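Structural description and commentary
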Amino acid sequence: MSLAWIRSQQSFLSPEVKTLLQKAILVSNDQVDSSDTQSWLNEDCTIAFGKLEEVLSDIVEEYESKEWFSEAVVKLAPLFSHCHNVIRKLTLDDYSTILHPYLQWTHKGAEICTCLEEISEGSCSSDHLVGLLTITAITERALGNLVLMKREQVPFLLRDLLATPELLTLLGNTRITLLKILLGSVLGINLRNIAWHGFLSPCEANPAFVASIIIILADCGRFLKDCKITNVPCRPFVSFKEACCLSSIFENVSFPPRIIMEELIIKSPLVPAIMIPAWMKALDLLTAKRWGSTLTVLLPIMECSLRCLFAYANEMPKRVLTAENSTLYITLNEILDPCICESNYDFVEYGKLNQSTKKSYASINLLCRINENNTSAPFKHGTVSHISASARKLSNTNHTLLIIGKKLNEALQDLLNFVQGPRVRDRISHGEVQLEELPQNIAQSTMYLCLLVLSLGSWRSKMQRTSTCSQMKCSHYNIDCVNLVDPVTDDLYCYLKDMYIKRDTDDNEIKKCTNSMLESLSVIEASENLIVLLTKLSGCIEKYKSIYHPSAILQDQLVSSVSQLKNWLTWERVDFEELGYDDWKNKNSSELPEMVSIPSVDSKHEVKSLDQIKDFLSHICNVSYEVLYRPKPELEVVSVLQRVASSVQSALANICKSLSIRYVQYINKKLRSRQRETYRRQLNAIPAIVLNIYLALQIIYVVFFSINRVSYLSKPCFTNLLSVLKSMLKFQENIASQTNLNTNRWDEALSLSLKSITTIKKYFSG
């Protein structure tokens, strides 16, 4: 299979899906009869449901069968075309009067207005794609908000959402059926999925679909108003504040000029020709600082390129296409998974793999490490040329990962998949964000990752300017082209420009050749700058450390809690002599065990005293762990450890907040005698609580240190470890509860802390 095949792919829709899509747009605008238009749409742009129901009832096939959907698409093709005709002719005043008031229930009026601009006269195919991606996300979010009026939880998938009886009650069967035909059934056109998973090219994103969805949404708004259903709730939008640290990955890389990114897009074998307009549209939006819209178009086309890489690496050319409706197609989750189930191309969890497949998985890790250490490679995170014949023979192995490399894979997982990460693609595609409020750093970081993905083709290691120079037509000028093989400097470029442009000649042919040469030099310079950029980006990725994997978050929790304990003796409080409580400085670490261990995983740790917190903090920071494709038992243990760490953080926050409030009240003489006594008990209890917290953090550390060995435990050993950790969790949760400002039960917190220390000693001391 050749990479050139990817470049020449004319469509990513399978024959059946493509045929269905073509049936939906079979009626062109020129074929629309005005009288028929009026029968499909009323003067106020509402759908004539009498005609629609009549047409659908004439279908003789079994309702919602594959044949029924196919017939329905053919019969509704005129409706879609008429919707587009009406939308095209709407003036701004018409829109403000006829549609805008009935779209407010979506809470996305401004974004819908932008979608209308994307399909207006003079718009291009890539505009239509952006409009379609945006309106499908808006629709899903709006319907979810609506169904929330009748039930407590909104289904995650659009197809499940459209199948809820609550939505059927609110909007009626005909509207739901229309939405299923367009958006939410694998047997229908399935626009939402084929667009957001990167199967739909710009030339296939017909503006009639966008217009139809807008009119359907407006019709739903009218219906809701007639039914006196107002105040549709709006779920809070995601802010992506937690993703701001992603920008630190590439903080030393200046954002490249557009010409450099264009150079990569045009040359990369992973960008099919039909997708180039979409990539260029992403650059347009990036230049216009429309960060949300940039990501809207960027994420699906990146998935398309990754799918092409998957098909090439695993020699499965048909997997670049949408599957027929009876088969699963390859999506981003499968592209980044380690194993392929060859029978149906579905993927399985690590825990369900047989021994042979696990060996293949181990080989993947080994080859990834070899690939990372291959210093002869121009970009160490992997190239197509690194896949050997022996690697291709690994049973059930997804060879895509050998090309992507471990670190780039971790960055993609952080951005897109890990549950506690930003999950940018999911949240944008489900309409969970305000596009205009998306931060710049997310858009730029995603673009950097896209550039690295596109650079995975083998061409980059051979990108030399020698071939470009040899093609330059400079025989007329007595220039030795060999001299141009060296890097083109600004001085050389200026020299050539001065030498030829200032010639006093009217020879048009010479001028034409001069311009051609200068353009070639510009391309050469762009290629050089591209190599420099990719080298920098690759260097950043080589140093990448996961941010949102559960283990990474656990490590951050440990660092944060221990750092807070480091200065516990300086916490603001009344002097011990003044209030009559035991001096904290007299509280040493004598109650701590000397050593804690987990015999089952052969892990020991010398317990650090409170005076050695800095050393302990250093140990935590130096813990190394694997993050990709971890087995379920390991993730289960990490989850419990995270909950323990969260309880510890809550207890520390409660203590510090309470101390601050009580100190101010005491200084200002606002504490009654009973409150002063409670304050004294609190100050007496805190040292023991601190010791318990510190010991609990060291237990978390010793388990965390051995986390990648947990999956090798026997079932009884694993069950016992989990049981002990859950017991420790219960203690820490209760202590956090008792130290809450509203509870203020310090004697109980003291007693629980002492019991917790005893329990930990029992289970973890040699």
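Residues numbered from 1 in each chain as written. Predicted model: local features only at pLDDT ≥ 70, side-chain atom pairs only at ≥ 80, totals over all residues. Heavy atoms only, no water.

Take the overall build of the protein next. Helix and strand counts for the protein come out as 33 helices and 2 strands. Restricting the contact set of the protein to residue pairs at least 6 apart, pairs at least 24 apart contribute 78%. Total accessible area computed for the protein in this model is approximately 33,900 Å², and 49% of it derives from carbon and sulfur atoms. (Helix = DSSP H or I, 4+ residues; strand = E, 2+ residues; numbered from the N terminus. Contact = heavy atoms within 4.5 Å. Areas by Shrake-Rupley, 256 points an atom, 1.4 Å probe, with all protein chains shown as cover.)

Turning our eyes to something else, we now look at helix α23 (residues 440-454). For α23, built from 15 residues, the straight-helix expectation of 21 Å at 1.5 Å per residue is met to within 8% by its first-to-last C-alpha distance of 21 Å. Taking burial as the measure, the 15 residues of α23 include 13 buried ones, the bulk of the element. (Expected span 1.5 Å × (residues − 1). Buried < 20%, exposed > 50% of the residue type's maximum accessible area, 1.4 Å probe, protein only.)

It is characteristic of soluble globular proteins that their nonpolar side chains tend to be buried jointly. Formed by 238 residues in total, the largest nonpolar core has its most connected members in F80, L132, I135, L412 and W571. When sequence neighbours within four positions are dropped, the list of residues in contact with I135 reads I112, C115, V210, I213, I214 and L217. (Core = buried A, V, L, I, M, F, W, Y, C linked by side-chain atoms within 4.5 Å.)

So, about the packing of aromatic side chains. Summed over the entire model, instances satisfying the criterion amount to 11 aromatic pairs. Residues Y63 and W68 carry aromatic rings whose centres are separated by 5.0 Å and whose planes lie at 75° to one another, so their mutual orientation is edge-to-face. Judged by relative accessible area, which is 42%, Y63 ranks as partly exposed. Here W68 falls in the buried class, since its relative accessible area comes to 3%. Ring geometry for W68 versus F69: centroids 5.2 Å apart, planes at 90°, classification edge-to-face. In this pair, the class of W68 matches that of F69, namely buried. (Phe/Tyr/Trp six-rings, centres within 6.5 Å; stacked < 30°, edge-to-face > 60°.)

Evaluated as defined, the whole model comprises 26 salt bridges. For K281, the salt bridge goes to D127, with nearest N and O atoms at 2.5 Å. With a gap of 154 residues between them, K281 in helix α15 (residues 276-287) and D127 in helix α8 (residues 125-147) connect regions that are remote in the sequence. Given the relative accessible area of 12%, K281 is considered buried. A salt bridge links R423 to D426, with the nearest nitrogen and oxygen atoms 3.9 Å apart. Here the salt bridges share partners, and the residues they tie into one network are E303, R307, R423, R425 and D426. (Salt bridge = Lys/Arg side-chain N within 4 Å of Asp/Glu carboxyl O.)

So, on to unusual backbone geometry. Look at N231: it is not a glycine, yet its phi comes out positive at around 55°. Following the sequence through the fold, N231 ends up in the loop between α13 (207-226) and α14 (258-267). Here the phi dihedral of R423 falls at roughly 45°; this positive angle occurs in a residue that is not glycine. Residue position: R423 is located in the loop between α21 (406-416) and α22 (424-429).

The next thing to look at is the environment of F199. The topology assignment puts F199 in the loop between α12 (191-196) and α13. Taking the C-alpha atoms as reference points, F199 and L321, 122 residues apart in sequence, are found 7.0 Å from one another. For F199, the residues in contact, after removing those within four places along its chain, are F12, L13, I194, E204, R307, V320, L321, T322, Y329 and I330.

This next bit is on helix α4 (residues 49-57). Residue pairs three or four apart in sequence face the same way in an α-helix, which turns once every 3.6 residues. Within the span of α4, buried status applies to F49, L52, V55 and L56. Angularly, the buried residues of α4 cover 125° about the axis, an arc narrow enough to put them on a single face. Opposite its buried face, α4 presents the exposed residues G50 and S57, each directed more than 90 degrees away. (Arc of directions from axis to C-beta.)

This brings us to the side chain of Q413. Locating Q413 in the fold gives a position in helix α21. In this structure Q413 comes out as buried when scored by relative accessible area, which is 7%. If near-sequence neighbours (up to four positions away) are discounted, Q413 is found in contact with L336, F418, L628 and Y629.

What follows concerns the pairing of strand β1 (residues 595-598). Here 4 bridges tie β1 to strand β2 (residues 603-606), and the two strands are oriented antiparallel to one another. The residue of β2 that forms the bridge with S597 is K604. As consecutive antiparallel partners, β1 and β2 are separated by 4 residues, and within that stretch D602 has a phi angle of approximately 55°, a positive value. (Pairing = 2+ DSSP bridges.)

Turning our eyes to something else, we now look at the confidence of the model for the protein. A residue-level look at the protein finds 81% of positions with pLDDT of 70 or above and a mean pLDDT of 82. Throughout residues 343-395 the model reports pLDDT below 50, and contacts reaching past four residues in sequence, or to other chains, amount to 99 contacts. Throughout residues 458-507 the model reports pLDDT below 50, and contacts reaching past four residues in sequence, or to other chains, amount to 65 contacts. (pLDDT = per-residue confidence, 0-100.)

A few words on the packing of helix α11 (residues 173-184) against α13. One way to put it is that α11 packs onto α13 with a least axis distance of 11 Å and a crossing angle of 160°. On the basis of the axis angle, α11 is roughly antiparallel to α13. Judged by the twist between their axes, the crossing of α11 over α13 is left-handed. Contacts between α11 and α13 pair R175, L178, L179, L182 and L183 from the former with F209, S212, I213, I216, D219, C220 and F223 from the latter. Residue composition of the contact of α11 with α13, grouped by class: 9 nonpolar, 1 polar and 2 charged. (Axes fitted to C-alpha atoms, helices over the stretch in contact; angles between N-to-C directions. Parallel < 35°, antiparallel > 145°, perpendicular 65-115°, else oblique. Left-handed = near helix turned anticlockwise from the far one by under 90°. Nonpolar A, V, L, I, M, F, W, Y, C, P; charged D, E, K, R; others polar.)

Here we take up the environment of G221. With respect to the secondary-structure elements, G221 resides in helix α13. Note on G221: relative accessible area 7%, which makes it buried. The residues touching G221, leaving out its near neighbours within four places in the chain, are Y102 and W105.

So, on to the packing of helix α7 (residues 109-118) against α8. At a closest axis distance of 8 Å, the pairing of α7 and α8 adopts a crossing angle of 155°. Comparing their axes, α8 and α7 come out roughly antiparallel. Handedness of the α7/α8 crossing: left-handed. Contact residues: α7 offers E111, I112, C115 and E118, while α8 offers D127, H128, V130, G131, T134, I135 and I138. A class-by-class count of the residues in the contact of α7 with α8 yields 5 nonpolar, 3 polar and 3 charged.

Along the chain, F250 turns up in the loop between α13 and α14. C-alpha of F250 to C-alpha of L449: the two residues are 199 residues apart in sequence and 10.0 Å apart in space. With residues near it in sequence (within four places) discarded, F250 still touches S445, Y448, L449, L537, C540 and I541.

A complete count under the given rule lists 0 disulfides for this structure. In this structure C45 is not part of a disulfide, and its nearest cysteine sulfur, from C83, lies 8.6 Å away. Using a relative accessible area of 4% as the deciding quantity, one classes C45 as buried. (Disulfide = S-S within 2.5 Å.)

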